[in-house]
Every structure is written in structure tokens, then in C-alpha cells.
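# Fold and geometry: a report
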Amino acid sequence: ILHPAQRHLLRSPSAGQLIFLIARPVEMGHEGTKYGDDGRPTCDCLLFDLDDTLYPVGSGIGLDVMKNIQEYMVEKLGIDKSVSHELCILLYKQYGTTMAGLRAVGYQFDYDDFHGFVHGRLAYEKLKPDPLLRNILLSLPIRKLVFTNGDRLHASRAMKRLGIEDCFEGVLCFETLNPPSPTPAPANKVEIFDIMKHLAHPEPGVELPRSPILCKPNIDAMLHALKLADINPQTTIFFDDSVRNIQAGKQIGMHTVLVKISTQVTLWEFYCRSRG
């Protein structure tokens with residue numbers, strides 16, 4: 001698949017974020033997709049996840065985020081440390097983010113305080129400038145946006161460290177989809193839904209509570225984000241490291257790229273294709 005001169009990308013530590021598992025986006029059409037003269041779908045927008053997509057999972061940032069979330073759960077919300085890890089993962093799996101899950105089951109907290117605790121303490125110096133990624137992004141003559149579940153400040157800091165903050169038209173983030181934190185209910189009015197007990201011993205007629213927070217992979221959240229940015233899903237390629245997010249992207253009509261670190265297809269190849 002790769003030209004011999006490009007194979008060094010597969011071995012380069014700085015190219016981890018360039019290596020994608022592509023579900024052949026330029027060959028897969030959806031109902032309503034526009035086609036060019038060559039019979040391939042027309043693409044007018046590239047939409048990228050941020051964390052573990054535009055930078056490699058090996059940076060350690062993701063593990064630090066999980067650690068900070070668990071510490072927030074214990075220190076700020078009074079959740080028992082012995083169950084914090086399991087609950088953190090469970091809520092992430094059920095709601096797309098642990099934050100969305102915490103709000104769904106009834107925990108009250110300020111969104112800015114959560115983001116400040118979780119992202120504000122990250123060692124962003126772990127992220128290194130990626131001139132190869134930057135040059136490829138700038139060379140692609142097409143709309144490019146970032147779509148992250150993270151907050152705006154986190155996205156800005158990470159992209160600035162990577163040296164790609166000016167490679168994108170805009171960033172769709174937590175603040176794009178969610179209003180400021182609501183006024184917390186009085187402590188004696190807060191009732192916490194025991195989701196671990198519910199999933200272990202579900203009761204007939206009892207459903208999981210919905211989260212007031214919008215995020216990927218929620219279909220309504222993703223459609224709303226695309227509408228706000230005037231993005232046509234039929235002519236958009238969506239890059240993400242989450243299988244669930246990719247499945248949701250397919251469901252709403254986007255062409256998709258599952259980002260991994262063990263395949264021969266890279267953004268460089270997509271760049272070469274786009275240049276003919």
C-alpha cells in the first residue's frame with residue numbers, strides 16, 4: 001500500500017497519530033452521498049477527534065486523565081476509593097464519558113471545576129510538536145475541524161503543544177454542546193442512582209437515567225454538533241479512536257476512519273490520494 005519511501009512512517013515514533021485503520025472511506029457511499037466524475041464520493045470536510053487520535057495513546061495523557069477523574073470522584077464527590085476505578089469505567093462505557101455518567105446518576109458538580117481538576121493538572125509537556133502531522137494537515141485543501149468531548153481549554157492546550165492549533169477551522173467541544181453548569185440541588189434533595197447494583201441485578205421496568213450532558217457517541221449530540229458547524233455528514237470523513245463513536249458516525253452517514261497504531265494506511269496516503 002505504501003510507497004517504499006513512505007514506509008519509515010510506520011517505524012517513526014512521531015508518526016503514531018498518523019497511522020489509521022481506514023474503512024475505505026473514499027470507496028464507501030451512503031444514501032445521499034455526492035459522487036465525483038471518478039465515481040468516488042465527494043469529500044469536503046475532515047472531522048477529527050483529539051485525544052489518542054491526533055496524538056498517540058503512548059503519550060500517557062489518557063492514563064493521567066483517568067487517574068484525575070478517579071481522584072475527583074473520591075475527593076470531590078465522596079465516592080469510595082475502592083469502587084472508583086470500576087465505577088469510572090462503567091460510566092464511561094454506558095454514557096460515552098465518565099463525566100456524563102456521573103451527572104446521569106445524580107452527582108452534582110460544577111463543570112468548570114471538573115475540567116479544571118481533570119485537565120488542569122495534566123503534564124501537557126508530554127505532548128511533542130509534530131511537524132509531519134502539521135505539514136500534512138496544512139497541505140490538505142479541505143475543511144478540517146476537531147470534535148472532542150473535552151473542554152475548550154484542554155483542546156487548545158493539547159493542539160498548541162502539537163503545533164497544529166492553526167491547522168483547523170474550528171473546534172467542537174464540551175462547551176459547544178452543553179450550557180454552563182446548572183445550580184446544584186440542595187444536598188438533601190440529591191438522590192444517587194446505584195448503577196452498579198442496577199446492572200448487577202436489574203429490576204423489571206427500571207431504566208438507566210439519561211444524562212443532561214451531550215457528548216459522543218450520542219446521536220443527537222453528534223447531529224447537533226454537525227448542524228452548528230454546517231457540516232454535511234454525507235461528504236465528511238470522521239477520524240476517531242473509539243469504535244462506538246465510529247459506529248455512531250456511520251449511523252448518521254459519515255465516512256469513517258478508526259484510528260489505530262497497527263495498520264499500513266496513513267494520513268499521508270490519504271493526502272497522496274487527494275492530490276491525485
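The name an unreviewed UniProt entry gives the protein chain is Pyrimidine 5'-nucleotidase, with Aegilops tauschii subsp. strangulata as the organism.

## Concerning the nonpolar core
By size, the foremost hydrophobic cluster in this structure holds 52 residues, and its most contacted members are Leu54, Leu102, Phe109, Ile164 and Phe168. Of all hydrophobic cores here, the second largest spans 18 residues; its members include Leu172, Met222, Met254 and Leu258.

## Observations concerning the packing of aromatic side chains
Per the stated rule, a full pass over the model turns up eight aromatic pairs. Pairing tyrosine 72 with phenylalanine 109 gives two aromatic rings, centres 6.0 Å apart and planes at 75°, and the pair type is edge-to-face. Here the residue tyrosine 72 occupies a position in helix α1 (residues 61-75), and phenylalanine 109 occupies one in the loop between α3 (98-104) and α4 (111-118), the gap between them amounting to 37 residues. Residue classification places phenylalanine 109 among the buried positions, given a relative accessible area of 7%. For the pair tyrosine 111 and phenylalanine 174, a centre-to-centre distance of 5.4 Å together with 85° between the ring planes defines the contact as edge-to-face. A residue pair is termed long-range when its members are at least 10 positions apart, and tyrosine 111 in helix α4 and phenylalanine 174 in helix α7 (residues 174-177) qualify at 63 residues. Through a chain of ring-to-ring contacts, three or more aromatic side chains come together here, namely Tyr72, Phe109, Tyr111, Phe114, Phe117 and Phe174. Residue placement shows lysine 216 over the ring face of phenylalanine 147; its charged tip is 5.0 Å from the ring centre.

## Examining the pairing of strand β6 (residues 255-259)
The element β6 is extensively covered by neighbouring structure, given that five of its five residues are classed as buried. On β6, burial covers both faces: His255, Val257 and Val259 on one face and Thr256 and Leu258 on the other are all buried. In the sheet, strand β5 (residues 236-240) pairs with β6 via four bridges, with the strands oriented parallel. Pairing of aspartate 240 across the sheet is with leucine 258, part of β6. The parallel pair β5 and β6, bridged by helix α10 (residues 243-251), forms a crossover whose chirality is right-handed.

## Things to note about the packing of α1 against helix α2 (residues 81-95)
Between α1 and α2, the least distance of the axes is 9 Å, while the angle of their chain directions is 125°. Between α1 and α2, the crossing angle belongs to the class labelled oblique. The chirality of how α1 crosses α2 is right-handed. Here α1 contributes Met66, Ile69, Gln70, Met73 and Val74 to the contact with α2, which in turn contributes Lys81, Ser84, His85, Leu87, Cys88 and Ile89. Split into classes, the residues belonging to the contact of α1 with α2 amount to seven nonpolar, three polar and one charged.

The rules we used
- Residues numbered from 1 in each chain as written.
- Predicted model: local features only at pLDDT ≥ 70, side-chain atom pairs only at ≥ 80, totals over all residues.
- Heavy atoms only, no water.
- Core = buried A, V, L, I, M, F, W, Y, C linked by side-chain atoms within 4.5 Å.
- Buried < 20%, exposed > 50% of the residue type's maximum accessible area, 1.4 Å probe, protein only.
- Phe/Tyr/Trp six-rings, centres within 6.5 Å; stacked < 30°, edge-to-face > 60°.
- Helix = DSSP H or I, 4+ residues; strand = E, 2+ residues; numbered from the N terminus.
- Lys NZ or Arg CZ within 6 Å of the ring centre and 35° of its normal.
- Pairing = 2+ DSSP bridges.
- Right-handed = clockwise from strand over helix to strand, strands pointing away.
- Axes fitted to C-alpha atoms, helices over the stretch in contact; angles between N-to-C directions.
- Parallel < 35°, antiparallel > 145°, perpendicular 65-115°, else oblique.
- Left-handed = near helix turned anticlockwise from the far one by under 90°.
- Contact = heavy atoms within 4.5 Å.
- Nonpolar A, V, L, I, M, F, W, Y, C, P; charged D, E, K, R; others polar.

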